[in-house]
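A look at the structure
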Amino acid sequence: MEHGSLNTAARHPPAGDSHSTSGKQNRMDDAPACDFHKLFDRSPAGIYVVQAERIRYANPVLGQLLVRDCAALADASLLSFIHPADRPDVEQQRRQQLQKSASCRLRARIVRGDGSFKAVELMEALVDDDALTGQPDGPVLVGVMMDGTDHHQADLKIQERLNFERLLADLSAGFVNLPCEQIASRIDTSLKLLVEFLGNDRSTFVEFGSDEDQVQISHSYAVPGCPPFPIGPFAVAKLPWFINEFRSGNSVFMRNIPEDLPDSAIEERERCLREGIQSNVTVPLRAGGELLGGLTFAFIRKRCDWSREVLSRLSLIGEVFAHALLRRRNEYLLRKTMEENLRLRQQLEQDNLYLREQVVLKHSHGRIIGQSDAITQVLADIERVATTDAPVLLSGETGTGKELLAQTIHELSLRKGRPMIVVNCASLPATLIESELFGRAAGAYTGAVSAQTGRFELADGSTLFLDEIGEFPLELQAKLLRVLQDGRFERLGTAQTISVDVRIIAATNRDLEAATRDNLFRPDLYHRLNVFPIQVPPLRERRDDIPLLTWAFVEALGKRMGKSIKCIPRKAMQQLQDYDWPGNIRELSNAVERAMILADGDTLHIEPPAGSHSGPTANKTLKQVEREQILHVLEETGWRIRGKGGAAERLDIKPTTLEARMARQGIQRPGR
Ligand SMILES: Nc1ncnc2c1ncn2[C@@H]1O[C@H](COP(=O)(O)OP(=O)(O)OP(=O)(O)O)[C@@H](O)[C@H]1O
């Protein structure tokens, strides 16, 4: 090689090296003239001297490293042998380091004469001393080049590891505190990142569910030009061997497909051939000790060049995803449970409370409350018969609403302009009934000082309601029949016949037909009254109406008492519906009234009478107990003393005895 003008300088380094301060032993002034050129030629490291960007000296080892003839290096640019990608870095590093000190240390790849690249290490010193270089052409760069392959490999590994760890940290950070609705889209972007980093062609999430026969493909990303795996359920039968490996929690590492596939993997072999899959790596998705699925890395355009070691790293990535999936699953589960709880609680609350709006407002028919089939049928009958003048016989237990129904018939009739006249045949002593009904002349009988207009006369043009007709005295029944037939009768004590136009509605809680058989009631009268019979059902046969009725009474009483009740506990309402209500609607109305008196909030705590009357009697006197019992039964029977189902019969005493006890206790029927 032609050594440049620096050769002399190299052979005879000048005296007074300003950098050498350590003493004479390092200086070669006194040594016999030394051919540094020859010495450097023997150096095991590549040595070069560069001035003005041009190589002025290069030893043989430098030529070997660059795989170039030494002669060809003369005057060449050293930088031109540096890998183009590394050049900017080399220049920048050199500049920065030489600003701080006289020497620098660099790593780079060189482009060799045979076209290959090689990692080298460069150590250089800038000598800016004309006396030293013997040249006025500016500073000189003296450098040593050594093989840096080992360092480079190690660097690459470290860099790769660092990059992986950064990726892992980024992926993990992306899922922290992420709302669970966003987990799916974050998995998608993370998969893309992952594929770009790892250099495979497609990555897919396979999740296990409760169905043994299928798995769920939940996410898939493929590089442009490769199809992603279709999202949705995927039958295990399509890739049985593969999915079985997943399910066992095994990793799959197939660098060469189909060679690496076992013979049993028939479907897998076919599918890989069809889709052109050359390699496939799969790691399990495990979190919280649970196997959730697998994450696959497919290679389509080229074979995988990963070593098996990569599996442990991929498993770490799998774990990051698996934790996100598990969190999403648990959160959805939790939400579902909470929603279910809320739904159940609301249902329970609704079940427990009868809300006034739901019950009362929707289902009332004027004053008659009820929507059961039984009462609906009665109402239909009433509507049909109301506008006729036909007599109506209402039969039913005490308190079932016979009088209310009679009133309704009257109000629906053409006679509604005049008030309905009511006669309770059971509450009037037999001796008074005749004059009450038919009237009397003055002096008609002892004590009858003045004339009296009978109820028939009062009811002329209107309706006469004969309540408890079963108690009507037998001896007067013929007279009653006559009025019913031709509207004529005579006042007591006169022979003058009076004609009236009266519509009769009768009510009874007795079996009138049976009474005719027992000769207690005239059959002809019975048939006359029974033109349009209506059977009024007892409350126990229309339990569905109990909530409606209860709320109707709560409403009416609430207005009167200034109380606003909003709910009734379900259990209480159920008890009301379970109770048999021998006193029927009247008894229910009384039970509501009692509860309303005690109510002090917006919830009505109500019990059926059986509960309220079974309270302890230990502290009460016999008189008190008797009084309460008489009152209770009178309330239930609507203050009817006589007859079947009357208070006397219920208390198993004679009506006269009951009347006597009522008088003794000072019990009087409240004004109607
Ligand atoms: N369907 C109903 N809707 C609302 N309130 C009703 C209904 N039926 C009856 N009631 C009420 O129940 C109480 C008893 O009714 P009512 O006096 O009409 O019964 P009754 O069968 O004539 O009784 P009794 O045979 O003892 O005379 C009354 O306060 C009445 O307003």
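This one's a predicted model, so the numbers in the text were calculated from it and none came from an experiment.

This brings us to the overall build of the chain. If you tally the helices and strands in the chain, you get 26 helices and 20 strands. Burial statistics for the chain: of 672 residues in total, 44% are counted as buried. Considering only residue pairs separated by 6 or more positions, the chain has 63% of its internal contacts joining residues 24 or more positions apart. On the chain, roughly 35,200 Å² of surface is accessible, and the fraction owed to carbon and sulfur atoms is 52%.

Here the focus is the site of the ligand. The full set close to the ligand counts 19 residues, and Ile369, Thr398, Gly399, Gly401 and Lys402 are the nearest of them. The backbone of Thr400 places a nitrogen or oxygen atom 3.1 Å from an oxygen atom of the ligand. When atoms are counted within 2 Å of each cavity's grid points, the one that captures over half of the ligand is the largest pocket. Taken together, the elements giving at least two residues each to the shell around the ligand come down to β13 (368–369), α14 (402–412), α20 (546–561) and α22 (584–598). Ranked by residue count, the leading element in the shell around the ligand is α14, at three residues. Tallied by class, the residues present in the shell around the ligand amount to six nonpolar, five polar and eight charged. Two domains each donate at least three residues to the shell around the ligand, and these are domain 3 (353–369 + 539–615) and domain 4 (373–536).

Attention now goes to the sheet that holds strand β1 (residues 46–51). With antiparallel pairing, five strands are arranged side by side in an open sheet as β2-β1-β5-β4-β3. At either margin of the open sheet sits one strand with a lone partner, and together these are β2 (54–58) and β3 (103–111). Ignoring strand direction, the axes of neighbouring strands in this sheet form an average angle of 30 degrees. Direction of pairing for strand β4 (residues 117–127) relative to strand β5 (residues 140–147): antiparallel, over a ladder of eight bridges. Residue pairing in the sheet places Leu126 in a bridge with Leu141 of β5. Together, β3, β4 and β5 form the strand contacts of helix α5 (residues 87–100), whose direction differs from that of β3 by roughly 170 degrees. Sheet contacts for helix α7 (residues 149–175): β3, β4 and β5; angle to β4, the most-contacted strand, approximately 110 degrees.

In this section: empty space enclosed by the protein. Unoccupied space between atoms shows up once a probe the size of one water molecule is rolled over them. The full count for this structure, using the stated rule, is one cavity of 30 Å³ or more. Residue lining of the largest cavity: 22 residues in total, with Phe229, Leu239, Phe242, Ile277 and Asn280 positioned closest to the centre. Counting only elements with at least two residues in the lining of the largest cavity, the list comes to β6 (202–208), α9 (240–247), α10 (266–275) and β11 (290–299). Its residues placed into classes, the lining of the largest cavity shows 15 nonpolar, three polar and four charged.

On to the packing of α22 against helix α24 (residues 622–636). At a minimum axis separation of 8 Å, α22 and α24 run at an interaxial angle of 125 degrees. The angle between the axes of α22 and α24 places the two elements in the oblique class. Residue-level inspection shows Arg586, Glu587, Asn590 and Arg594 of α22 in contact with α24, the latter providing His632, Glu635 and Glu636. Its residues assigned to classes, the contact of α22 with α24 comprises no nonpolar, two polar and five charged.

Conventions used here
- Residues numbered from 1 in each chain as written.
- Predicted model: local features only at pLDDT ≥ 70, side-chain atom pairs only at ≥ 80, totals over all residues.
- Heavy atoms only, no water.
- Helix = DSSP H or I, 4+ residues; strand = E, 2+ residues; numbered from the N terminus.
- Buried < 20%, exposed > 50% of the residue type's maximum accessible area, 1.4 Å probe, protein only.
- Contact = heavy atoms within 4.5 Å.
- Areas by Shrake-Rupley, 256 points an atom, 1.4 Å probe, with all protein chains shown as cover.
- Near = heavy atom within 4 Å.
- Polar contact = N/O pair within 3.5 Å; in protein donor to acceptor, adjacent residues only side chain to side chain.
- 1 Å grid on protein atoms, 1.4 Å probe; cavity = no way out; pocket = protein on both sides within 12 Å on 5 of 7 lines; lining within 4 Å.
- Sits in = over half its atoms within 2 Å of the grid points.
- Nonpolar A, V, L, I, M, F, W, Y, C, P; charged D, E, K, R; others polar.
- Domains from an automatic or database assignment.
- Pairing = 2+ DSSP bridges.
- Axes fitted to C-alpha atoms, helices over the stretch in contact; angles between N-to-C directions.
- Points joined across faces, edges and corners; volume = space filled by probe spheres on them.
- Parallel < 35°, antiparallel > 145°, perpendicular 65-115°, else oblique.

Note that every value here comes from positions in space, so none of it alone points to a role or purpose.
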